[in-house]
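What follows is each chain in one-letter form.
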Amino acid sequence: MPTPGENLKINGERLWDSLMEMSRIGPGVAGGNNRQTLTDKDGEGRKLFQSWCKAAGMTMGLDTMGNMFARREGTHPNALPVYVGSHLDTQPTGGKYDGVLGVLGGLEIIRSLNDLGIKTKHPIVVTNWTNEEGTRFAPAMLASGVFAGVHAEDWAYDREDAAGRRFGDELVRIGWRGEEKTGARRMHAFFELHIEQGPILEAEGKDIGVVTHGQGVSWIQVTITGKESHTGSTPMPVRKNAGLGMARVLDLVDKIAWSHAPHAVGAAGHIDVRPNSRNVIPGTAVFTVDFRSPERAVIEDMESRLKTGASDICKAIGLEIAFEKVAGFDPVTFDSDCVTAIRAAAERLGYSHRDIISGAGHDACWITRVAPTAMVMCPCVDGLSHNEAEEIRPEWATAGANVLFHAVVETAQIVE
Ligand code: HGY
Ligand code: MN
Ligand code: MN
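For clarity, every value in this text was computed on a predicted model and none was experimentally measured.

> Lay out unusual backbone geometry in plain terms, naming residues and giving numbers.
Note that the residue after A138, namely P139, is joined by a cis bond; omega there is 5°. Mapped onto the fold, P139 is located in the loop between β5 (124–128) and α4 (142–147). Residue P262 follows A261 across a cis peptide bond; omega there is 5°. Tracing the backbone shows P262 in the loop between α8 (242–258) and β10 (265–274). Backbone geometry places Q413, a non-glycine residue, at a positive phi of 65°. Along the chain, Q413 turns up in the loop between α12 (394–412) and β17 (414–415).

Here is the structure:
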């Protein structure tokens, strides 16, 4: 199989321009993006991506979860396609590159193949996975999870946002529910380019992260129930303060994660206190604990210590507590041949690189269950992500997309 020559490069300027144009859809309030899944802004971003794919001569497939599949034909139309992509949806205070770099990096590969007049044996399909973030509709990676057979589609359709709107209804409302059965597609391989969302690559001065594994994730929603009462006239000994219970449990979460340093992490990003009135003792506190580790046994230990410790805390101050596992997946090991293709591409192109475990979850973490899969990462400034100040350097985007280009084209097999 001919390997791509080191002169095979994408057009970094065009990629950057496309990133900047996409970032103008669903702008945040501080320079980033708020293009949450299945909002009208998500619909606008999808339309722009679709128009670019059409201009690049691709045909668009759409499945019942709204996953988008833009296809460039290969010389062997029956050969299984090589897929490449990520997600266009963002956090409410998200950055311009999380997910978007992977989708537009895939599009840039097609644009560059067209410029260079290169044919491949296998078709190549650029993918936008619906609702990777899981911020409006939990859990994260919802549509790639249905595609990989992890979640039932009906269950996914019934997921509700904070306003009680159903995923399935919103998908129809924005006009992006396709007819194609989700998960019917077969892949020769799947590659995803993503920013690291952590500090390692930048701190070590590395251009490329060769992602060998993805750490496991556990999201447990905790509901603590006390009794609403007046903050002024209720004596301290008789209070049933759900807010106090939550504060002590969140401190326990931090201690549990630190006890498995340096790799385990733990926090709660979603917190709801009710009635959230200045002079009412909180009667209810609902929050989601996010534990992660590269080791499954560590995640299980953190989960069990949370349940026993939090139950003891609540019992001691007269509160009720309930736990609901709302999301999770075990640590994943990516396909060694795909990982080798990425590492060899970085070598060939002369980029500094290191193997890395992904701290964040990605659609690739589910797709690896149904196809040989691997990821390539580029640094991000100060390792910051899920923050509107998320930033990367253009040369990092170009390097990541060049490595992605070589891995995808090598796997899709260039036809002389
Ligand atoms: O939660 C995650 O790791 C991803 O950003 N959805
Ligand atoms: Mn992402
Ligand atoms: Mn994200």
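So that's the structure; there's more coming.
> Describe the pattern of salt bridges, and please don't skip the residues or the numbers.
Taken as a whole, this structure holds 26 salt bridges when the rule is applied. Linking R354 and E204 is a salt bridge whose minimum nitrogen-to-oxygen distance equals 2.8 Å. Of this pair, R354 sits in strand β15 (residues 353–358) while E204 sits in helix α7 (residues 200–204), and the two are 150 residues apart along the sequence. Owing to a relative accessible area of 25%, R354 belongs among the partly exposed residues under this scheme. Each of D40, R136, D161, R165, E170 and R173 takes part in a single network of salt bridges with overlapping partners.

> Please provide a residue-by-residue account of the coordination of the manganese ion (ligand 2), values included.
Those donors, H87 (NE2), D98 (OD) and H194 (NE2), are the protein atoms that reach the manganese ion (ligand 2), and they lie 2.1 to 2.3 Å from it. Between consecutive donors of the manganese ion (ligand 2), the numbers of intervening residues give the motif H-x10-D-x95-H. The two metals, the manganese ion (ligand 2) and the manganese ion (ligand 3), are separated by 3.5 Å and share D98 as a common coordinating residue. Of the two residues, D98 is situated in the loop between β3 (82–86) and α3 (100–116) and H194 in strand β6 (residues 189–195); the sequence distance between them amounts to 96 residues. Since its relative accessible area comes to 1%, H194 is described here as buried.

> Would you mind going over the pairing of β3 in detail, with residue names and values included?
Remember that side chains alternate between the two faces of the sheet whenever the strand is regular. Summarising burial for β3: five of the five residues are buried, a large majority. Judged by which residues are buried, β3 turns out to be covered on both faces: V82, V84 and S86 on one side and Y83 and G85 on the other are all buried. Here β3 pairs with β6 via three bridges, running parallel. Residue pairing across strands places V84 opposite F191, the latter belonging to β6.

> Explain the coordination of the manganese ion (ligand 3) to me, using residue names and the numbers behind them.
Summarising the metal site, the manganese ion (ligand 3) is bound by the protein donors D98 (OD), E133 (OE), E133 (OE) and H386 (NE2), whose distances to it range over 2.1 to 2.5 Å. Along the chain, the residues donating to the manganese ion (ligand 3) fall in the pattern D-x34-E-x252-H. For D98, a relative accessible area of 4% gives the class buried.

Definitions and limits used
Every chain's residues receive numbers from 1 upward, in the order its sequence appears when written. Here every chain gets a letter starting at A, and every ligand a number starting at 1, in the order they are written. Side-chain atom pairs in this predicted model are given and counted only at pLDDT of 80 or more, local residue features only at pLDDT of at least 70, and totals for whole chains, interfaces and linings cover all residues. Side-chain metrics in this entry use all non-hydrogen atoms of the structure; hydrogen atoms and water are not considered. Helix and strand labels come from DSSP, where a helix needs a run of H or I of at least four residues and a strand needs a run of E of at least two; each type is numbered from the N terminus. Any Lys or Arg side-chain nitrogen located within 4 Å of an Asp or Glu carboxyl oxygen qualifies as a salt bridge. Whether a residue is buried, partly exposed or exposed follows from its accessible area with a 1.4 Å probe, protein chains only, as a fraction of its type maximum: under 20%, in between, or over 50%, in that order. Coordination shells were defined by N, O and S atoms within 2.8 Å of each metal, extended to 3.2 Å for Na, K and Ca; water is absent from the atom set, which can make sites look incomplete. Two strands qualify as a pair provided that DSSP identifies no fewer than 2 bridges between them.

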